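Reading the structure
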Amino acid sequence: MIFAKQLTKSYKTKTEEVKALLSVDLNISKGEMFGVIGPDGAGKTSLFRILTTLLLADSGSATVNGLDVVKDYAKIRQQIGYMPGRFSLYQDLTVEENLQFFATIFNTTIEENYSLIKDIYEQIAPFKDRRAGQLSGGMKQKLALSCALIHRPVVLFLDEPTTGVDAVSRKEFWQMLKKLKNDGLTILVSTPYMDEAEQCDRIALIQEGKILMNNTPEKARASFTEPLFAIRSDNMYKLLHDLRDVNLVNAAHIFGEYIHISSPFINQETIVEELKLKGHNQIQLIQIDPSIEDVFIKLLTHLESHEQISE
Amino acid sequence: MKQFRAFIKKEWFHIFRDRKTVFILFGMPVIQILIFGFALTNEVKNANIAVLDYSKDAKSIQLIQKIDASKYFDVYSSLNRASDIDKVLKSGKVKMVIVVPQGFTQSLEAKHKVSIQLIADASDPNFATTLFNYGTSIINDFQKQYFIEKIPLVVTPEIRMLYNPQLKGAFNFVPGVMAMVLMLVSTMMTSIAIVKEKELGTMEVLLASPLRPLLIIISKTIPYLFLSLINITTILLLSVFVLDLPINGSVFLLVILSMLFAITCLSLGILISSSTNSQQVAMLISLMGLFLPTIMLSGFMFPIENMPLPMQFISNLVPAKWYFYIVKDVMIKGLGIGSIWKEVLVLFGMTIFFLVISIKKFKLYLS
C-alpha cells in the first residue's frame, strides 16, 4: 500500500544543513496499522509530508496505493486522509461547519459516509454548534479525525495525533483507530510516545532521519535478549550514579520511579549487596520484560557507541 | 463548483466572525473619507487674522469688512500699535496681520496708488502662501470694484479654475483614498487571509486535498474582490452626498476600472502571501512595501511633477499612480476611455504581470 525507497531529505538553514531523512525504506501492506516511533525532530513529519505529496524528497522514490508521490500527486490527494501534527481545523468555524467544509472539498457529503465516522462524530455531536477553537484537545482531535475520514480514504496518515491530548482521550483514540483498522483501512501513524507503539501491527523506530528498526512490537521486544531489571532505592539520583559504576551493569536508565538496568550475567544478590555498601536503603529489584522504550534506548546507545568508534 | 461555493462560504465566515476584520473592511473607508474630508484639509477656512488700520477711513473700513465677510478670514482682533504685530503672531492666535497705511482713501484717490502690508506667519509655508493668495485676490477684487473706472489702462487676468472651481481638496483626496482603501482591502487583507491558513496549518490539509491550488487562490480572493466593490460604492456615495463632489464621468467606467485596480492589488496580495509564512510579516510588507509608496508616490499627497527625476521614474512603477490618474480623469474631468486608454493599458499590463507571477509562485507544495 505504501512503499518508500531510499528517501532522503535535508533542509538548508543559513548556518548548516539539517538532514531530516537518510535513505528511509518502508513497505506497508494494505490494512496494516503502521507506527513511526521516534522523538521530536527525528524526521517523522518530513516522512509524512513526502508521502502525502506535500514535500518533495531530495532523492529516492515512494508510492502510495501504487501511485507515485511526485508524478501522480493529484490522484493521491484524492485518496488519502491526512491529519497533520497541529490540529488543522478552522477555529472560527463550528464543529459542523468544519466537517461540512471538508466533506465538500473532497466532493462528498456528510450523509454519504456518515457510517464511517458515526462512532467518532457522535461523541462530539452534542457540541456541533460550538466553534472548533473552543473545543478541548480531545474533542479537537476527534473532529480532526472525522474531517480526515469524511471522504472514505484508502490510507490514513496521522502525524502525532495524540500529542497534547490527555491520557483518557489518547486511549479512546487508539481504540477508534483499531476499529478503523478492522474495517480495512490502512493507517500510518506517528507518535513520540513509546507506550503507544504496542498498539500497532508493525513499528519503525526512527532517530535522526534513520530507521533503526522495522518490526512487529513483539519481535522488537524479543530482540532485547539480556535480562532486564527494575530497581529503586531511597536515593534515586545517587543510585543512578552508583549503578553506572557497578561493573556488571551494562546500562542504567530512569523509567518513571524505577531505574532499568540490564546485564548479560546479572547476579541480583551481588548488586544489592554492593549498593548496600554504598549506603542505599529500601532497595527493590525485580526482573521485568523489556518494553519498546528499552529496545529504543538500547538501539540508541548502540548507535552512539558506534558513532564514537567510527569517529 | 460545489467546492468553490463551500470555500467562499467559509471565507465569509472568517471575515464576518472577526470583529477587527469587519471594522477594517467597513469602518476604514468611511473613517478615511471623513478624516480627509473634514479634518486633514489644507483648505483655508475662517483663518484668524488681525488688522492694524492706521487710516480708519471709509474705504479702509470697507476693505476690512470685505475681508472679514469672506469665508476665508475672520478678523480676530484690531491692533493699535506696530509693536503688537509681533506679539499677536507669536501668540499663534492669528496667522496673518493686514496693515493699512495712514490716509488710505486719500492716497488712493489722489495718487491711484497705495500699499497694503500682509504679514503672514510662515512657519507653515504652504498655509502662509495660501493665506497670502486669498488676501491678495480679495484686495484685487476690492480695487476693481471701486476704482476700475478711474484707472485708464489695466490688464485684468481672468482666472478660471477648471474642473474644480471652488478649489476643493476633496477633488484630490477622494481618488487617493480610493487607491489607499483598495490597497488595504485587496492587498493586505488578502495576503493576511492566505498566510493565516499557512500559520494555522490548515493550508497543509487543503494542499493534501483534491482542491486545485488555483481554486484555492481564486476562492480566497473572490470575497475580497466583492468587498472592494462595496468599498468603492461606499466611498463614491460618501463623496457625492457628504462631500458634495460630483462624478462627472461615467460611473460604470469608474467602477470597472476600480475593479481592475482591485485585481492588481489582489495579485500583489497573493504574491506577498506566497513569499512569507507569518501574518505579521505579510502585514509589514503590505504596509511598508505597498501602502507607503501609494501615499508618497502616487501623486496623491505630493505632486509627481515636483519630484526629482529618479523619483518620478520610480513613481511609474507604482500601480496606484496610474489608478489615481484614471480616477481623477474620469471622476473629476469627466473624460471617457478615449482619453485614458494609455493609463488603463499600463494598469492592465501590470495586473496581468502580477497575476501570472503570483499564480506561478503559489506553491503546490509546502515550504
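Rules and cut-offs
Residues numbered from 1 in each chain as written. Chains lettered and ligands numbered in written order. Predicted model: local features only at pLDDT ≥ 70, side-chain atom pairs only at ≥ 80, totals over all residues. Helix = DSSP H or I, 4+ residues; strand = E, 2+ residues; numbered from the N terminus. Rg over C-alpha atoms; globule rule 2.2 N^0.38 Å. Buried ≥ 20, exposed ≤ 12 C-beta atoms within 10 Å, placed from the backbone. Contact = placed C-beta atoms within 7 Å. Domains from an automatic or database assignment. Pairing = 2+ DSSP bridges. Axes fitted to C-alpha atoms, helices over the stretch in contact; angles between N-to-C directions. Parallel < 35°, antiparallel > 145°, perpendicular 65-115°, else oblique. Left-handed = near helix turned anticlockwise from the far one by under 90°. Nonpolar A, V, L, I, M, F, W, Y, C, P; charged D, E, K, R; others polar. Bend = angle between axes of the 7 residues up to and from the residue. Core = buried A, V, L, I, M, F, W, Y, C linked by C-beta atoms within 7 Å. Right-handed = clockwise from strand over helix to strand, strands pointing away. Expected span 1.5 Å × (residues − 1). Arc of directions from axis to C-beta.

1. Quick notes on the overall build of chain B
Per the secondary structure count, chain B includes 14 helices and 4 strands. Its C-alpha radius of gyration of 27 Å places chain B more than 25% over the 21 Å reference for a compact globule of 367 residues. With respect to the principal axes defined by its C-alpha atoms, chain B has extents near 95 × 45 × 40 Å. For chain B, the residues scored as buried account for 34% of the 367 residues in total. The long-range share in chain B, meaning contacts at least 24 apart out of those at least 6 apart in sequence, stands at 77%.

2. A look at the overall build of chain A
Helix and strand content of chain A: 10 helices and 14 strands. In chain A, buried positions account for 40% of the 311 residues.

3. Let's talk about the domain arrangement of chain A
Here the domain parsing of chain A yields domain 1 (2–216) and domain 2 (225–289). Taken over C-alpha atoms, the centre of domain 1 of chain A sits 39 Å from the centre of domain 2 of chain A.

4. Some points on the sheet that holds strand 13 (residues 258–262) of chain A
Residues and elements named next belong to chain A. Pairing within the open sheet is antiparallel, and its 4 strands lie in the order 12-13-11-14. Edge positions in the sheet fall to strand 12 (251–255) and strand 14 (284–288), since each of these pairs with one other strand and no more. When strand polarity is set aside, the average angle formed by the axes of neighbouring strands in this sheet is 25 degrees. Pairing of strand 11 (residues 228–232) with strand 14, which is carried by 5 bridges, proceeds in the antiparallel orientation. For A230, the partnering residue across the bridge sits in strand 14 and is I286.

5. Looking at the packing of helix 4 (residues 114–124) of chain A against helix 5 (residues 137–149) of chain A
Residues and elements named next belong to chain A. Orientation of helix 4 relative to helix 5, taken along the N-to-C sense of each, is 150 degrees, at an axis distance of 9 Å. Here helix 4 is positioned roughly antiparallel relative to helix 5, judged by the angle of their axes. For the pair helix 4 and helix 5, the crossing hand works out as left-handed. Two secondary-structure elements touch here, helix 4 through L116, I117, I120, Y121, Q123 and I124 and helix 5 through M139, K142, L143, L145, S146 and L149. By residue class, the composition of the contact of helix 4 with helix 5 is 9 nonpolar, 2 polar and 1 charged.

6. Considerations on unusual backbone geometry
Residue and element names in this part refer to chain A. Its identity is not glycine, yet N107 carries a phi of approximately 60 degrees, on the positive side. Relative to the helices and strands, N107 resides in the loop between helix 3 (95–105) and helix 4. A tally of 14 C-beta atoms within 10 Å means that N107 is categorised as partly exposed. Residue Q282 is not a glycine yet carries a positive backbone phi of 50 degrees. Position of Q282 among the secondary structure elements: in the loop between helix 9 (268–277) and strand 14.

7. Looking at helix 14 (residues 337–361) of chain B
At B:E343, helix 14 of chain B shows its strongest bend, of approximately 40 degrees. Packed against the buried residues of helix 14 of chain B are helix 10 (251–274) and helix 13 (319–332) of chain B.

8. Things to note about the interface of chain A and chain B
The figure often quoted for interface size is the accessible area lost as the parts come together. Each side of the interface is counted separately: chain A has 22 residues, and chain B has 21 residues. Mapped by element, the contributors of at least two residues to the side of chain A that touches chain B are helix 2 (73–79), strand 6 (80–83) and helix 3 of chain A. Among the elements that line the side of chain A that touches chain B, the one with the most residues is helix 3 of chain A, at 4 residues.

9. So, the sheet that holds strand 7 (residues 155–159) of chain A
Residue and element names in this part refer to chain A. Ordered by their spatial adjacency, 6 strands build an open sheet running 6-7-8-3-9-10, and the pairing between neighbours is mixed. Single-partner strands in this sheet number two, and they are strand 6 and strand 10 (210–215). Averaged over all neighbouring strand pairs, the angle between strand axes comes to 15 degrees, with direction disregarded. Looking at chain direction, strand 9 (residues 202–207) and strand 10 are connected through 5 bridges and run antiparallel. Following the sheet pairing, Q207 is matched in strand 10 by K210. In this fold helix 1 (residues 44–51) packs onto strand 3 (33–37), strand 7, strand 8 (186–191) and strand 9, with an angle of close to 150 degrees to the strand it touches most, strand 7. Along the sheet face, helix 5 touches strand 6 and strand 7 and points at about 160 degrees away from the line of strand 6.

10. What to know about the nonpolar core
A:L51, A:L143, A:L156, A:F157, A:I187 and A:L188 are the most contacted members of the largest nonpolar core, which totals 78 residues. Of all the elements, helix 5 of chain A adds the most residues to this core, at 7 residues. Beyond its immediate chain neighbours, meaning those up to four positions away, A:L51 contacts A:I2, A:A62, A:V64, A:V69 and A:F157. With 59 residues, the next largest nonpolar core counts B:F173, B:A179, B:L266 and B:M350 among its residues.

11. Side note on the packing of helix 1 (residues 2–16) of chain B against helix 9 (residues 213–241) of chain B
All names here are of chain B. Where helix 1 contacts helix 9, the two axes come as close as 9 Å, and the packing angle between them is 45 degrees. In this view, helix 1 runs oblique relative to helix 9, as classed from their interaxial angle. Here helix 1 runs over helix 9; the crossing is right-handed. Along its contact with helix 1, which presents Q3, F4, F7, I8, E11, W12 and I15, the element helix 9 presents L215, S219, K220, I222 and P223. Here the contact of helix 1 with helix 9 is composed, by residue class, of 8 nonpolar, 2 polar and 2 charged.

12. A look at the pairing of strand 1 (residues 47–53) of chain B
Residues and elements named next belong to chain B. In terms of strand pairing, strand 1 meets strand 2 (residues 73–79) through 6 bridges, oriented parallel. Directly across from L52, in strand 2, lies its bridge partner L79. Of the crossover connections in this fold, the one passing from strand 1 over helix 3 (residues 58–69) to the parallel strand 2 is right-handed. Relative to strand 3 (residues 96–100), strand 1 is paired through 5 bridges, and the arrangement is parallel. The partner of L52 across the bridge, within strand 3, is V99.

13. Some remarks on helix 6 (residues 167–182) of chain A
Residues and elements named next belong to chain A. With 16 residues, helix 6 ought to run about 22 Å at 1.5 Å a step, and its terminal C-alpha atoms sit 23 Å apart, in line with that. If you check which residues of helix 6 are buried, you get R170, F173, L177 and L180. Take helix 6 and look down its axis: the buried residues cluster within an arc of 80 degrees, on one side only. Of the residues in helix 6, the exposed ones pointing more than 90 degrees away from the buried face are A167, V168, Q175, K179 and N182. Summarising the contacts, the buried residues of helix 6 are in contact with strand 3, helix 5, strand 7 and strand 8. Directly beyond the C-terminal end of helix 6, a positive phi value near 105 degrees is found at G184.

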